[in-house]
Each structure stands twice: as C-alpha cells, then as structure tokens.
Amino acid sequence: MAITVNIYYSGTNGNAKRFAKEMILTGIVDDIRGEDGNIKYEYFFPMDDEETILLIDSWTDQKALDKHHDSPMMTHITKLREKYDLHMRVERYVTDINDISTKDSAFIRK
C-alpha cells in the first residue's frame, strides 16, 4: 500500500514557482527523494492556474511519511512556505500499486 499526497500550493506574483525553485536549488527536494520510503516527490504546474503548483508526494507507507514529517527538513519547508506566503489544499490517496485490475489494464498504453 502506498500513500500519495497531492499538495496544491497557491500564492501570488509567481511565489509558488519561486518556492518550488528554491526547494530544488537548496537540495531539499533531492534530500527528500533520498529518504527511505519515498516513491515520488515531483512538482507540476496546472495549465489553467499560473499561481499554483502541484506537488505529488508518494511514500511506501504511513511509517515512512511520519518519519519524513518528523525530520528537520519539515522546519525548512515550513519556513519557505511562510517566506512565499503560500496557502495549501491537500488531497490524500491510499493505493495498492501492485493491483491494477485487468479491466483497467486494458486502457493503459505502455
């Protein structure tokens, strides 16, 4: 079972994109990707909203996610969110990444 958290960061004047760039340039993103249990940590930009970025953050299980939330990195991330005055909307999904039904598989082009 994997846990995926979609976090929509919204700001003004390009601040959401500046936040993501600083996360990448300071190495925080690479550090998170290197944590045990991290499956994916990636930013995307919605085409219809210039002031929002989407972070897709996936973990192998709740224990790995909890360990990440308890890490010193969260202090840095929180400070950057405040620096760029970002607001968040969060969606959380629990999936079984090994169980795609046969019917669903028919629609996946590899």
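See the structure shown above.
Residues numbered from 1 in each chain as written. Predicted model: local features only at pLDDT ≥ 70, side-chain atom pairs only at ≥ 80, totals over all residues. Heavy atoms only, no water.

Enquirer: Give a description of the overall build of the protein that names residues and reports values.
Expert: Looking only at helices and strands, the protein features five helices and four strands. Starting at the N terminus and walking to the C terminus, you meet the elements of the protein as β-α-α-β-β-α-α-β-α. Per-residue burial over the protein gives 38% buried out of 110 residues. Taking as baseline every contact in the protein between residues at least 6 positions apart, the subset at least 24 positions apart corresponds to 70%. Summing over all exposed atoms, the protein offers an accessible surface of approximately 7,500 Å²; the carbon and sulfur share of this is 53%. (Helix = DSSP H or I, 4+ residues; strand = E, 2+ residues; numbered from the N terminus. Buried < 20%, exposed > 50% of the residue type's maximum accessible area, 1.4 Å probe, protein only. Contact = heavy atoms within 4.5 Å. Areas by Shrake-Rupley, 256 points an atom, 1.4 Å probe, with all protein chains shown as cover.)

Enquirer: Requested: an account of the pattern of salt bridges, with residues and values cited.
Expert: Under the counting rule described, the total for this entry stands at four salt bridges. Here Glu50 ties to Lys17 by a salt bridge, and the two come within 3.4 Å at their closest N and O atoms. Here Lys17 lies in helix α1 (residues 15-25) and Glu50 lies in the loop between β2 (38-44) and β3 (52-59), a separation of 33 residues in the sequence. A relative accessible area of 54% means that Glu50 is categorised as exposed. Across the pair Glu91 and Arg89 runs a salt bridge whose closest N-O atoms are separated by 3.2 Å. Exposure remark for Glu91: the relative accessible area of 21% places this residue in the partly exposed category. (Salt bridge = Lys/Arg side-chain N within 4 Å of Asp/Glu carboxyl O.)

Enquirer: A description of α1 should follow, citing residues and the corresponding values.
Expert: Taken residue by residue, α1 has Asn15, Ala16, Phe19, Ala20, Glu22 and Met23 as its buried positions. In a view along the axis of α1, the buried residues occupy a sector of 165°, so they form one face of it. Facing away from the buried side of α1 by over 90 degrees, the exposed positions are Lys21 and Leu25. In the segment just after α1, Gly27 is the residue with positive phi, at about 90°. (Arc of directions from axis to C-beta.)

Enquirer: Break down the sheet that holds β3 for me, with residues and values.
Expert: A sheet is described by the order of its strands in space; here four strands give the open sequence β2-β3-β1-β4, paired in antiparallel fashion. One side of each edge strand has no neighbouring strand; the edge strands of this open sheet are β2 and β4 (87-95). Neighbouring strand axes in the sheet, compared pairwise and without regard to direction, differ in orientation by 15° on average. Where strand β1 (residues 2-10) lies against β4, nine bridges are found, and the strand directions are antiparallel. Bridge assignment links Ile7 to a residue of β4, and that residue is Val90. (Pairing = 2+ DSSP bridges. Axes fitted to C-alpha atoms, helices over the stretch in contact; angles between N-to-C directions.)

Enquirer: Which residues make up the nonpolar core, and what are the values?
Expert: Membership of the largest hydrophobic core comes to 24 residues, with the highest contact counts inside it found for Tyr9, Phe19, Met23, Ile32, Tyr41, Tyr43 and Ile77. Looking at this core, the elements with two or more residues in it are β1, α1, α2 (28-33), β2, β3, α3 (62-69) and α4 (73-83). If we ignore the near neighbours within four places in the chain, the residues touching Met23 are Ile28, Val29, Ile32, Tyr41, Tyr43, Ile77 and Leu80. (Core = buried A, V, L, I, M, F, W, Y, C linked by side-chain atoms within 4.5 Å.)

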